[in-house]
Amino acid sequence: VQLQASGGGFVQAGGSLRLSCAASGRTFSSWRMGWFRQAPGKEREFVASIRWSGSNSNTYYADSVRGRFTISRDNAKNTVYLQMNSLKPEDTALYYCAAEGGRWVPAVKDEYDYWGQGTLVTVSS
């Protein structure tokens, strides 16, 4: 599985961005997908995760983003999205998408098998 993240950029506080992560492979629908982020000088932290799709989907969010960010996926396009609203300067980080093929342990980065290259989000105050 290869993952390609995009959509990062520079935005003022209160603004919005939508990140995309395109995945290769024909079994995308079976993968649990997640977003993590890493700010300068800090460890990579969990942001959001999703398994299944549509009305059957389960999602899980970090407390710091719940209510502001929304994760979704389009299995027909092999793509997972992260809609980020009400952005804050503390959301500034390199955002990574990741894929997990085993049991769903959404917030544990070591459970993820594949990682994208990251896309930079910068939020100014």
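Residues numbered from 1 in each chain as written. Predicted model: local features only at pLDDT ≥ 70, side-chain atom pairs only at ≥ 80, totals over all residues. Heavy atoms only, no water.

**Side note on the pairing of strand β5 (residues 45–51)**
And then number 1: Counting buried positions along β5 yields five of seven residues, so the element is predominantly enclosed.
And then number 2: Where strand β4 (residues 32–38) lies against β5, five bridges are found, and the strand directions are antiparallel. Directly across from M33, in β5, lies its bridge partner I50.
And then number 3: What sits between β4 and β5 in their antiparallel hairpin is a turn of six residues, with G41 showing a positive phi close to 75°.
And then number 4: Relative to strand β6 (residues 58–61), β5 runs antiparallel, the two being bridged by four bridges. Residue pairing for β6: S49 is matched across the bridge by Y60. (Buried < 20%, exposed > 50% of the residue type's maximum accessible area, 1.4 Å probe, protein only. Helix = DSSP H or I, 4+ residues; strand = E, 2+ residues; numbered from the N terminus. Pairing = 2+ DSSP bridges.)

**Re unusual backbone geometry**
And then number 1: Here the phi dihedral of W52 falls at roughly 60°; this positive angle occurs in a residue that is not glycine.
And then number 2: Take W52: it is sitting in the loop between β5 and β6.
And then number 3: Here N78, not a glycine, exhibits a phi torsion of approximately 50°, which is positive.
And then number 4: By the element assignment, N78 lies in the loop between β7 (69–74) and β8 (79–84).
And then number 5: The class of N78 is buried, set by a relative accessible area of 18%.

**Considering the pairing of strand β9 (residues 93–100)**
And then number 1: The element β9 is largely enclosed, with a buried count of seven among its eight residues.
And then number 2: Pairing of β9 with strand β11 (residues 119–124), which is carried by three bridges, proceeds in the antiparallel orientation. Looking at β11, one finds that Y95 is bridged to T119.
And then number 3: Where β9 meets strand β10 (residues 114–115), two bridges bridge the pair, whose relative direction is antiparallel. Along β10, the bridge assignment pairs A99 with Y114.

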